[in-house]
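A closer look at the structure
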Amino acid sequence: MSAGAGGGAGAGRLIVLSGPSGVGKDTVLRRLFELCPELRYSVSYTTRPPRPDEVDGVSYSFVAELTFEQMLARDEFLESADVYGSLYGTSLRRVREALARGEDIVLKIDVQGAAQVRARVPGAVLVFLLPPTDDELFRRLRERGTDAGEALERRLENATAELAEAANYDHRVVNDEVDRAAREILAIVADSRGANP
C-alpha cells in the first residue's frame, strides 16, 4: 500500500478518524465535509444491517458475511475489524484510486483498523476524537438508546478501552463543540500538507 499512498507528487493524504461510540464522529464528519467539500469520505464495507437513517453506498457498503469473507481472502481490504460481532473493512482499491487522484481521504474506523493503517501507510494522519469528559461520553451512550443491558455494558467497557488508545494517535481533538472540533481537524489536515508537500 505504501506506493502512492503517502508520498509522491500530487498524492492525496489519508486521514484516519477514530473515537469511542457516542463521541460524535458522524456529526463532526458532517461538519468537516460542509467546511471542506474537497475532502472525500471512504465508504467502508460492513456486514451489520443498516440503521434506519443509513443509505447503502453512502453510509456503508452493506454486504453479506460470506461476501465480506471472500473479499478478505482476496486481500481487498486496507484494514478490517470485528466490531460488536459485525465485520468492517476499508476497500484498498477505493483508497488507492482516490489517493492517486490527489484526493484527501477520510476514514472513520476503530482503533483496531487504525493500527493496521498505521502499519501499512506510514504517512497517514491519525486523529482521535475525545469526549469533553468520560462521564459525558457514558451519558451519551446511555441516552441514545441503541443498546441496553449487557450490550450497553459491553459498549461502555469498549469505550473505556478505546479511550486508553488515544495516546497512540498523532492528534487528539476534543469534541466539546462540533464546529470547533471540525475546524481543528481541518487545521491538522492543512498542517500535514505543509509537512508533506
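The structure this text deals with has already been given above.
A brief look at the structure comes next. This structure is a prediction, so every number in the text was calculated from the model and none was measured. (Residues numbered from 1 in each chain as written. Predicted model: local features only at pLDDT ≥ 70, side-chain atom pairs only at ≥ 80, totals over all residues. Heavy atoms only, no water.)

**A look at the environment of D53**
Inclusion rule: Per the convention used, a helix needs a DSSP run of H or I reaching at least four residues, while a strand needs a run of E reaching at least two, with both numbered from the N terminus. Each residue is placed in one exposure class: buried if its accessible area under a 1.4 Å probe, protein chains only, is under 20% of its type's maximum, exposed if it is over 50%, and partly exposed if it falls in between.
Among the structural elements, D53 can be located in the loop between β3 (45-46) and β4 (61-62). Among the residues examined, D53 registers a relative accessible area of 65% and is labelled exposed. With 14 residues separating them in the primary sequence, D53 and T67 have C-alpha atoms 23 Å apart.

**Some remarks on the packing of aromatic side chains**
Inclusion rule: Any pair of Phe, Tyr and Trp rings, taking the six-membered ring for Trp, is counted once the centres come within 6.5 Å. Such a pair is stacked with planes under 30 degrees apart, edge-to-face with planes over 60 apart, and tilted for the rest.
Tallied over the entire structure, the rule returns six aromatic pairs. Centroid distance Y45 to F77: 6.0 Å. Interplanar angle 65°. Geometry classified as edge-to-face. One end of the pair, Y45, is in strand β3; the other, F77, is in strand β5 (residues 77-83), and 32 residues separate them in sequence. Judged on exposure class, the residue Y45 and its partner F77 are both buried. Taking the centre distance of 4.5 Å and the plane angle of 25° together, the rings of F68 and F77 count as stacked. By the ring-pair criterion, three or more aromatic residues cluster together here, those being Y45, F68 and F77.

**A look at the side chain of E162**
As a reminder, the rule being used: Positive: Lys, Arg. Negative: Asp, Glu. His and the chain ends are not part of the count. Think of a salt bridge as a Lys or Arg side-chain nitrogen and an Asp or Glu carboxyl oxygen that are within 4 Å of each other.
Examined against the element boundaries, E162 turns out to sit in helix α6 (residues 149-163). We note that E162 is buried and unpaired, the nearest opposite charge coming from K25 at a distance of 6.1 Å.

**Considering the sheet that holds strand β6 (residues 86-91)**
Selection criterion: Any two strands between which DSSP finds at least two bridges are classified as paired.
Read from one edge to the other, the open sheet built from four strands follows the order β4-β3-β6-β5, with strand pairing classed as mixed. Each edge of the sheet is formed by a strand with only one pairing partner; in this case those strands are β4 and β5. Inspection of the sheet shows β5 paired to β6 by six bridges, in the antiparallel sense. Within β6, the residue paired with D82 across the bridge is L87.

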